[in-house]
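Fold and contact review
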Amino acid sequence: MSPPISGLHHVSAIAGPPQPNVDFYTGVLGLRLVKQTVNFDDAGTYHLYYGDELGRPGSVLTFFPWANAVGGRAGAGMTSATAFSVPAHALDDWMGRFADRALDFDAPVERFGESVLALRGPDGLPLELVAHRAAEAPPGWPNGPVSDDSAIRSFHSVTLALADPAATANVLTDLFGWEHGGEEDGRLRFRAPGGGPASVVDLVRTDERGRAGAGTVHHIAFRARDDEEQRAWLDAVRATGLHVTDVKDRQYFHSIYFREPGGVLFEIATDAPGFTTDESTADLGTALRLPPWLEDRRADIERRLPPLTLPTAR
């Protein structure tokens, strides 16, 4: 059996038009656009990746943007919030930043001893900033529009909404090797052993029905160090009786997918090869990158994609 899953790898969501998506996640949240490519299963739409300077595992939020996507709503069997980790002193700066841009946000609340600021992305995606004591050291994007003192460092956690959290809790503890981190106001917390960035999953109970669409999360991905560890996880998931896919080549990592008993689509993705496999660090996200098997369709793909105005580094 492999060592316990060490944390989140990335979160992938559905969006509406791509330009407002780029403008918000780079210009407002200060994430770096580390890769622009296409949905490998639907090359007619972008797949946009945002993260820290290098798009390190645990920092990457990705989007499939469709210009005419119908709005969705989180419900049972879906991710109901994606939380980023920011330095403990930074929430006042973020509230000022949002207020200056006339963006709606909720007053901070306390959760498990940390302050949490909730807001929504341009398509209504529920987001949170968590003032996290351990968020001082990891780098953000030093050339981004948010000061180094306040910038997003990585994910903090995701919240999963479930009709019955028990079976999902068992996947996290019995399969992934995570630890129960307590309960507060009906919220169950689970942590990867050893902690570290992007190592928390919260479970909340809901009877509300959701609807996939713009502003909802498509899947969440957990980390495997390498291909060998991922193969061990593939065998471990199969041994539980859950249906899991074969390994998929996603160019920047390799992936397996399965739907956990509560209905949330889980992925286990490798840390390597990473986003610098086809671009230098300085050039990340500046051009449309296609995998080798789509290069012969580049001209047609580029004609179908709307042009993007990309952010400039400070």
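Coordinates for the structure precede this section.
A few points on the structure. (Residues numbered from 1 in each chain as written. Predicted model: local features only at pLDDT ≥ 70, side-chain atom pairs only at ≥ 80, totals over all residues. Heavy atoms only, no water.)

Quick notes on the overall build of the protein
Within the protein one finds five helices and 16 strands. A globule of 314 residues ought to have a C-alpha radius of gyration of about 20 Å, and the protein, at 18 Å, matches this closely. Along the first, second and third principal axes, the C-alpha set of the protein runs to 50 × 45 × 35 Å. Counting only residues that meet the buried cut, the protein has 53% of its 314 residues in that class. The contacts of the protein with a sequence gap of at least 6 include a subset with a gap of at least 24, amounting to 68%. Surface summary for the protein: the accessible area is close to 13,100 Å², and the carbon and sulfur share equals 49%. On the protein, the mean spot of the 29 positive side-chain charges and the mean spot of the 43 negative ones are 3 Å from each other. (Helix = DSSP H or I, 4+ residues; strand = E, 2+ residues; numbered from the N terminus. Rg over C-alpha atoms; globule rule 2.2 N^0.38 Å. Buried < 20%, exposed > 50% of the residue type's maximum accessible area, 1.4 Å probe, protein only. Contact = heavy atoms within 4.5 Å. Areas by Shrake-Rupley, 256 points an atom, 1.4 Å probe, with all protein chains shown as cover. Lys, Arg positive; Asp, Glu negative; His and termini not counted. Charge placed at Lys NZ, Arg CZ, Asp CG, Glu CD.)

With respect to the pattern of salt bridges
In the structure shown here, the tally under the stated rule is 16 salt bridges. Residues Asp 164 and Arg 205 are paired through a salt bridge, measuring 4.0 Å at the closest nitrogen-oxygen approach. Here Arg 205 lies in strand β12 (residues 200–205) and Asp 164 lies in the loop between β9 (154–162) and α3 (166–175), a separation of 41 residues in the sequence. Across the pair Arg 289 and Asp 278 runs a salt bridge, and its minimum N-O distance is 3.7 Å. With Arg 289 in the loop between β16 (265–270) and α5 (298–304) and Asp 278 in the loop between β16 and α5, the pair connects residues that are 11 residues apart, well separated along the chain. Residue class for Arg 289 comes out partly exposed when judged on its relative accessible area of 28%. Exposure remark for Asp 278: the relative accessible area of 17% places this residue in the buried category. Among the charged side chains, a network of salt bridges with common partners joins Lys 35, Asp 278, Glu 279 and Arg 289. (Salt bridge = Lys/Arg side-chain N within 4 Å of Asp/Glu carboxyl O.)

Overview of the pairing of β12
Extensive coverage of β12 is indicated by the burial of five of its six residues. Strand direction decides the pairing type here: β9 and β12, joined by six bridges, are parallel. Along β12, the bridge assignment pairs Thr 159 with Asp 202. Pairing of strand β11 (residues 187–191) with β12, which is carried by four bridges, proceeds in the antiparallel orientation. Opposite Leu 188, over in β12, you have Leu 203 as the bridge partner. (Pairing = 2+ DSSP bridges.)

As for the sheet that holds strand β5 (residues 78–87)
Ordered by their spatial adjacency, eight strands build an open sheet running β6-β7-β8-β5-β9-β12-β11-β10, and the pairing between neighbours is mixed. Of all strands in the sheet, those with a lone pairing partner are β6 (109–111) and β10 (179–184), marking the two edges. Adjacent strand axes in the sheet meet at a mean angle of 30° when their direction is disregarded. Sheet topology places strand β7 (residues 114–120) next to strand β8 (residues 126–132); six bridges connect them, and they run antiparallel. Bridging from a neighbouring strand, Arg 120 pairs with Pro 126 of β8. Each of β5, β7 and β8 is contacted by helix α2 (residues 91–100), which is oriented at about 15° to β7, the strand it contacts most. (Axes fitted to C-alpha atoms, helices over the stretch in contact; angles between N-to-C directions.)

A short note on unusual backbone geometry
Note the cis peptide between Ala 272 and Pro 273, where omega equals 10°. For Pro 273, the location among the structural elements is in the loop between β16 and α5. Here the phi dihedral of Ala 102 falls at roughly 55°; this positive angle occurs in a residue that is not glycine. Its location among the elements puts Ala 102 in the loop between α2 and β6. Its relative accessible area of 70% is what places Ala 102 among the exposed residues. Notably, Phe 112 is not glycine yet its phi reads approximately 50°, a positive angle. Note that Phe 112 resides in the loop between β6 and β7. Taking the relative accessible area as the measure of exposure, Phe 112 reaches 18% and is therefore buried.

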